[in-house]
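Geometric and topological summary
Residues per chain are reported as follows:
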Amino acid sequence: MNKKILLGFILVLLLPVTACAPSSDSTSSSGNGAKVQSFTTGAIPDQDPEKLQRLYGKLAAYLEAELKVPVEYKPVIDYAAAVTAFRVGDLDLVWFGGLTGVQARLQVEEAEAIAQRDIDAEFHTVFIANKSSGIKPIKNIKDLKVLKGHTLTFGSESSTSGRLMPQYFLQQAGVTLDDFQGEVGFSKSHDATIQLVEAGSYKVGALNEQVWKSRVAAGNVDLKKVELIWRTPAYYDYHWVINPKVKERYGDDFVERVQAALLKLDPNVPEQKEILDLFGATKFISTKNDNYSEIEAIGRKIGKIK
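Summarised in this report is the structure supplied together with it. (Residues numbered from 1 in each chain as written. Predicted model: local features only at pLDDT ≥ 70, side-chain atom pairs only at ≥ 80, totals over all residues. Heavy atoms only, no water.)

**Let's talk about the overall build of the chain**
Counted only if it meets this: Each helix is a run of H or I in the DSSP string that is no shorter than four residues. Each strand is a run of E no shorter than two, and both are numbered from the N terminus. Working definition: with a 1.4 Å probe on protein chains only, accessible area under 20% of the residue-type maximum means buried, over 50% means exposed, and in between means partly exposed. Note on definitions: a residue-residue contact is assigned when non-hydrogen atoms from the two residues lie within 4.5 Å. To be clear on the numbers: accessible area is Shrake-Rupley with a 1.4 Å probe, and residue cover counts the displayed protein chains and nothing else.
Regarding its fold elements, the chain presents eleven helices and 13 strands. Here the chain holds 306 residues, and the buried ones make up 48% of them. Residue pairs in contact within the chain that sit at least 24 positions apart in sequence constitute 77% of those at least 6 positions apart. Surface exposure of the chain reaches about 15,200 Å², of which carbon and sulfur atoms provide 52%.

Next up, the structure:
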């Protein structure tokens with residue numbers, strides 16, 4: 001009986017220790033017991049949400065291991081929400097398109113473009129058409145005039161490859177949005193643009209070349225119904241933008257550490273190759289704010305930047 005009483009007394013003494021044990025959450029403890037706030041990542045929702053969740057979940061795990069801080073991916077509902085979340089500090093590191101990256105940096109002083117894929121220094125938009133339209137492949141920008149009178153859909157209203165640059169090249173050819181049949185559509189994603197043109201809901205669509213190529217390679221496009229008709233000249237597009245306030249939380253060298261982790265992704269390491277493949281890249285390279293000055297100028301001309 002005395003042993004039972006003693007055991008019960010010991011359990012009572014241990015109970016407060018168990019009750020006060022830290023629970024699992026999005027923070028971790030530093031050596032002195034202080035909580036470390038999660039480093040939050042996000043991206044413009046330009047593709048299928050399930051693919052984005054898989055991609056950025058894997059990237060978050062990689063960055064957490066490299067940076068030694070908790071990393072969390074937070075999805076957003078649209079392009080504008082990504083810019084807003086970055087501005088108010090809900091997202092620390094965001095994968096932006098050229099236009100949204102400029103919009104975000106203009107709203108956050110000292111925000112930096114730090115990395116882009118190898119394909120983003122010379123990116124392209126493609127115009128696709130439903131074969132029932134009778135539109136033939138276009139060889140010269142001035143021949144974009146043959147699109148007049150047809151229906152057209154862009155992607156998101158704030159997409160660089162799915163709206164800004166294709167509208168700019170149309171203007172270069174003397175084609176305005178009023179020249180199309182009915183109102184120009186906005187599908188909200190590159191995948192949706194392909195589906196709408198394939199279905200004949202719109203005769204013409206403009207989208208990210210990398211998404212087009214990957215969907216064709218995967219057999220997800222019915223090439224009996226839709227075809228590529230024109231590829232734009234090259235321009236700078238997608239890139240990572242980081243909020244300067246991360247230095248206050250993680251140290252003055254944190255921006256450089258994040259950049260180094262992104263540039264370190266190696267296609268010879270299977271887990272890292274999977275991340276790069278999901279991005280449609282063989283590697284990340286460094287970039288800088290000045291690379292997007294042309295995007296900013298076109299954005300102001302078209303009215304997407306004030």
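On we go from here.
**Regarding the environment of phenylalanine 127**
One can find phenylalanine 127 in strand β7 (residues 125-130). Linking phenylalanine 127 and arginine 231, residues 104 residues apart in sequence, is a C-alpha distance of 6.5 Å. Contacts of phenylalanine 127, omitting those with residues within four sequence positions, involve Leu147, Pro166, Leu170, Val204, Gly205, Ala206, Glu227, Leu228, Ile229, Trp230 and Thr232.

**A short note on a negative patch on the surface**
Rules: Like charges are joined within 9 Å and nonpolar side chains (Val, Leu, Ile, Met, Phe, Trp, Tyr) within 5 Å, but only among residues with over 30% relative accessible area and no salt bridge; these make up the patches. Think of a salt bridge as a Lys or Arg side-chain nitrogen and an Asp or Glu carboxyl oxygen that are within 4 Å of each other. In summary, the charge assignment counts Lys and Arg as positive and Asp and Glu as negative, without counting His or the chain termini. We put the charge of a Lys on NZ, of an Arg on CZ, of an Asp on CG and of a Glu on CD.
Judged by side-chain charge, Glu109, Glu110, Glu112, Asp252, Asp253 and Glu256 come together as a negatively charged surface patch. Note on glutamate 110: relative accessible area 58%, which makes it exposed.

**Some points on the nonpolar core**
Counted only if it meets this: Here, nonpolar core means buried Ala, Val, Leu, Ile, Met, Phe, Trp, Tyr and Cys residues that are tied together by side-chain atoms lying within 4.5 Å of each other. An automatic or database domain assignment is the source of the domain bounds shown.
Phe39, Tyr56, Leu59, Leu147, Trp240 and Phe279 are the most contacted members of the largest nonpolar core, which totals 80 residues. By residue number, the principal contributor to this core is helix α2 (residues 49-67), which donates eight residues. Viewed by domain, this core spans two of them, domain 1 (37-119 + 235-300) and domain 2 (123-229), each represented by three or more residues. Apart from the residues within four sequence positions on either side, leucine 59 is in contact with Trp240, Leu262, Leu265, Ile275 and Phe279. Val126, Ile128, Leu207 and Val226 belong to the second-largest nonpolar core, a separate cluster that totals eight residues.

**Some words on the pattern of salt bridges**
For the structure on display, the rule yields ten salt bridges. For lysine 58, the salt bridge goes to glutamate 274, with nearest N and O atoms at 3.3 Å. Highlighted residues: lysine 58 in helix α2 and glutamate 274 in helix α10 (residues 270-279), separated in sequence by 216 residues. On the basis of relative accessibility, which here comes to 34%, the residue glutamate 274 falls in the partly exposed class. Connected through shared salt-bridge partners, Glu209, Lys213 and Arg231 make up one network.

**Some details on the sheet that holds strand β11 (residues 226-231)**
Test applied: Between any two strands, at least two bridges found by DSSP are needed for them to pair. A fitted line through C-alpha atoms serves as each axis, taken over the contacting stretch for helices, and the angle formed by two N-to-C directions is quoted from 0 to 180°.
Read across the sheet, five strands follow the order β9-β8-β10-β7-β11 without closing on themselves; strand pairing throughout is mixed. Each having just a single partner strand, β9 (185-186) and β11 make up the two edges of the open sheet. Inspection of the sheet shows β7 paired to β11 by five bridges, in the antiparallel sense. Counterpart to alanine 129 in the pairing with β11 is glutamate 227. Strands in contact with helix α5 (residues 160-172) are β7, β8 (152-154), β9, β10 (204-208) and β11; relative to β8, the strand with the most contacts, it is inclined by about 130 degrees. Lying over the sheet, helix α7 (residues 209-217) contacts β7, β10 and β11, oriented at roughly 100 degrees with respect to β10.

**Description of the packing of helix α4 (residues 98-107) against helix α11 (residues 293-302)**
To keep things clear, this is the line we draw: In what follows, roughly perpendicular refers to angles from 65 to 115 degrees, roughly parallel to angles under 35, roughly antiparallel to angles over 145, and oblique to any angle outside these ranges. When residues are sorted by character, Ala, Val, Leu, Ile, Met, Phe, Trp, Tyr, Cys and Pro go into the nonpolar class, Asp, Glu, Lys and Arg into the charged class, and all the rest, Gly among them, into the polar class.
In contact at an axis separation of 9 Å, α4 and α11 are set at 90 degrees when each is read in the N-to-C sense. In terms of orientation, α4 and α11 fall into the roughly perpendicular class. For the pair α4 and α11, contact is made by Gly98, Leu99, Val102 and Leu106 and by Ile295, Glu296, Gly299 and Arg300, respectively. Of the residues assigned to the contact of α4 with α11, the class counts are four nonpolar, two polar and two charged.

**A short note on helix α6 (residues 190-199)**
Every buried residue belonging to α6 is among His190, Asp191, Ala192, Thr193, Ile194 and Val197, and all of these are buried. Two residues or fewer past α6, glycine 200 is found with a positive phi of approximately 85 degrees.

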